[in-house]
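# What the coordinates show
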Amino acid sequence: MAHSSRLTLSASAARAAATVADDDDDLDEEPGEEIESAPPLRVGEEREIGGAGLRKKLLRPGRGWETPVLGDEVTVHYEGRLLDGRKFESTLDRGEPLTFELGGEQGITGLDQGIITMKKGELALFTLPYSSGYRHAAAQGVPPDADMQFEVELLSWLTVMDICKDGGIVKKVLSGGDDGQTGDLDEATVKYQVRLLDGTIVAETPEGGFEFCVNQGHLCPALPKIVKTMKRGEKAVVTIQPQYAFGEAGREAINGLPAIPSNAVLNIELELVSLKPVVDVTGDMKVLKKILRAGEGVRTPNSGETVCVRYAAMLKDGTTFENVGFDGASFQFIIDEEQVIAGLDRAVSTMLKGELSELTIEPEYGFGNDEAKRDVTIIPSSSTLIYVVELLDFTKRCEREVAEKEVKGDREMQAEMEMPVVDATCAGDREMADSMGT
């Protein structure tokens with residue numbers, strides 16, 4: 001790693017400069033406090049960060065905009081020197097970077113507040129005052145009253161989340177997912193491998209993963225809690241304490257996998273493979289919409305607009321009683337005009353163009369307590385209905401009204417053109433003859 005010229009400003013001088021700045025009536029922040037509106041550092045620029053005299057000079061910008069936070073696990077290369085240039089520590093000389101938890105006991109004392117300002121790949125020079133209490137100072141031969149400099153390269157970091165805020169479920173994100181956040185009602189497909197601390201595999205999914213409803217749970221109490229913090233495509237490693245795993249009871253050996261002992265800590269490698277969002281359309285859990293394929297844009301049909309759909313409708317036992325549009329012309333109806341059952345109407349009004357969804361409609365929003373007949377199928381009273389619906393298109397109300405007016409106008413014009421035309425001259429002659437005859 002190439003080294004730039006070292007910063008020679010002492011910590012006492014930095015604090016003095018900060019004190020002068022603090023006396024300015026126009027500024028009310030603490031000495032050294034970084035103003036949120038301050039522009040990003042440019043290469044070669046240096047600034048005090050925090051209020052403890054720590055200074056940062058940017059040597060090489062990083063990538064992206066994300067930065068780690070306290071609790072994350074960072075991997076860095078660094079080199080420590082005194083202000084006179086004498087080197088006392090270097091991961092480069094050891095040939096291995098340092099990985100540690102920001103804010104933990106294994107890191108570089110005093111540098112945490114600096115590293116949380118860095119982006120991936122960034123290279124920066126930090127000047128650390130002797131008052132920071134660098135814990136390895138004596139062992140590295142650093143005089144007790146000496147300021148130090150650390151040239152730090154942030155190689156990578158893992159986002160670490162204490163899900164229950166009690167250390168019971170700690171998740172490290174290996175790779176992020178998309179923007180879709182998991183909800184309680186969603187159906188998730190996951191892949192996982194669960195190990196004891198000695199590495200013994202005690203649970204794993206088939207190659208294609210396992211699908212389950214998040215609010216119904218799976219494997220152990222921890223899993224739905226973890227999945228609700230994940231995004232589609234995310235991969236993570238999670239450490240689960242016994243109270244969120246199998247507790248004192250443990251688990252017997254199943255499917256050829258070993259038993260889980262009492263009070264066992266588990267490590268799980270987990271991937272959220274796919275997600276089918278489920279929406280409570282009516283707010284009372286009586287019309288649920290599971291999105292099988294996302295639609296386009298952001299607009300959904302409004303009241304009075306005409307929608308064009310195709311759907312298959314069936315009972316819970318799988319008996320199909322309607323199949324519209326999949327083998328012929330699509331079906332159209334107007335939102336909020338009671339042209340279809342309430343559950344279908346309400347659900348379609350939440351869909352995007354091109355969306356494909358599965359609806360579960362309770363009797364209150366279906367055919368109620370009445371028996372209904374569709375084609376040759378009798379729908380029993382109080383039946384729960386399943387609809388698989390695709391919203392092909394919808395027309396704005398004003399566009400539909402304009403189209404209807406145009407059609408009406410064309411018809412009126414055609415009618416006028418087809419009316420018999422009376423010759424004015426002939427009519428006048430007949431009137432004259434009638435008068436003469438009189």
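Above this note sits the structure.
These remarks concern the structure in this document. Since we're looking at a predicted model, the values are computed, not measured.

Rules behind the numbers
- Residues numbered from 1 in each chain as written.
- Predicted model: local features only at pLDDT ≥ 70, side-chain atom pairs only at ≥ 80, totals over all residues.
- Heavy atoms only, no water.
- Helix = DSSP H or I, 4+ residues; strand = E, 2+ residues; numbered from the N terminus.
- Buried < 20%, exposed > 50% of the residue type's maximum accessible area, 1.4 Å probe, protein only.
- Contact = heavy atoms within 4.5 Å.
- Areas by Shrake-Rupley, 256 points an atom, 1.4 Å probe, with all protein chains shown as cover.
- Core = buried A, V, L, I, M, F, W, Y, C linked by side-chain atoms within 4.5 Å.
- Phe/Tyr/Trp six-rings, centres within 6.5 Å; stacked < 30°, edge-to-face > 60°.
- Pairing = 2+ DSSP bridges.
- Salt bridge = Lys/Arg side-chain N within 4 Å of Asp/Glu carboxyl O.

## Some remarks on the overall build of the chain
Looking only at helices and strands, one finds 7 helices and 22 strands in the chain. For the chain, with 438 residues in total, the buried portion stands at 40%. Expressed as a percentage of contacts within the chain between residues at least 6 apart in sequence, the contacts between residues at least 24 apart total 67%. Working note: accessible area of the chain is about 24100 Å², and carbon and sulfur atoms make up 50% of it.

## Observations concerning the nonpolar core
The biggest cluster of nonpolar side chains holds 30 residues, and the ones touching the most others in it are Tyr192, Ile226, Val227, Ile240, Leu266, Ile268 and Leu270. Residue assignment for this core shows that the elements contributing at least two residues are β9 (187–196), β10 (201–204), α4 (222–227), β12 (235–240) and β13 (266–276). In contact with Ile268, not counting residues within four places along its chain, are Tyr192, Gln193, Val194, Leu219, Leu223, Ala236, Val237, Val238 and Ile240. The next biggest cluster of nonpolar side chains, apart from the first, holds 28 residues, and it includes Val309, Leu344, Leu391 and Phe394.

## Concerning the environment of Val389
For Val389, the position within the fold is in strand β22 (residues 385–395). Taking the C-alpha atoms as reference points, Val389 and Gly354, separated by 35 residues in sequence, lie 10.0 Å from one another. Setting aside residues up to four positions removed in sequence, Val389 forms contacts with Val309, Arg310, Tyr311, Leu344, Val348, Met351, Glu355, Leu356, Ser357 and Leu359.

## Structural notes on the packing of aromatic side chains
All chains considered together, the criterion is met by 6 aromatic pairs. With centroids separated by 6.1 Å and ring planes inclined at 85°, the aromatic side chains of Tyr311 and Phe331 adopt a geometry described as edge-to-face. Linking Tyr311 in strand β16 (residues 306–315) with Phe331 in strand β18 (residues 331–334), this pair joins segments that are 20 residues apart in sequence. Tyr311 gets classed as buried once you look at its relative accessible area, which sits at 4%.

## Structural notes on the pairing of β22
Sheet analysis places β16 next to β22, joined by 10 bridges and oriented antiparallel. From the neighbouring strand, Tyr311 faces β22, where its bridge partner is Val389. Sheet topology note: the strand β19 (residues 356–361)/β22 ladder contains 6 bridges and is antiparallel. Looking at β22, one finds that Ile361 is bridged to Leu385.

## Here's the deal with the environment of Thr319
Here Thr319 is to be found in the loop between β16 and β17 (320–324). Counting along the chain gives 67 residues from Thr319 to Ile386, while the straight-line C-alpha distance between them is 9.8 Å. If we ignore the near neighbours within four places in the chain, the residues touching Thr319 are Ala313, Met314 and Thr377.

## A few points about the pairing of strand β6 (residues 123–128)
Counting buried positions along β6 yields 6 of 6 residues, so the element is predominantly enclosed. Covered by surrounding structure in β6 are Leu123, Leu125 and Thr127 together with Ala124, Phe126 and Leu128, the residues of both alternating faces. Sheet topology places strand β2 (residues 55–60) next to β6; 5 bridges connect them, and they run antiparallel. Along β6, the bridge assignment pairs Lys57 with Leu125. Examined bridge by bridge, β6 and strand β7 (residues 148–162) share 6 bridges and lie antiparallel to one another. Its bridge partner lying in β7, Ala124 is registered against Val152.

## Observations concerning the environment of Pro61
Inspection of the secondary structure puts Pro61 in the loop between β2 and β3 (73–82). Along the sequence, Pro61 and Arg42 sit 19 residues apart, while their C-alpha atoms lie 7.9 Å from each other. Sequence-distant contacts of Pro61, that is, excluding residues within four places in its chain, are made with Val43, Gly121 and Glu122.

## Here's the deal with the pattern of salt bridges
When charged atoms on two side chains of opposite charge get close, those side chains can pair. Applying the stated rule across the entire model yields 25 salt bridges. In this structure, Arg60 engages Glu153 in a salt bridge whose closest nitrogen and oxygen atoms are separated by 2.9 Å. In this pair, Arg60 is assigned in strand β2 and Glu153 in strand β7, connecting sequence segments 93 residues apart. For Glu355, the salt bridge identified is with Lys289, shortest N-O distance 3.1 Å. Placement of Glu355 in the loop between α5 (342–348) and β19 and of Lys289 in strand β15 (residues 287–293) is noted, with a sequence separation of 66 residues between them. The two residues Glu355 and Lys289 agree in class, both being buried.

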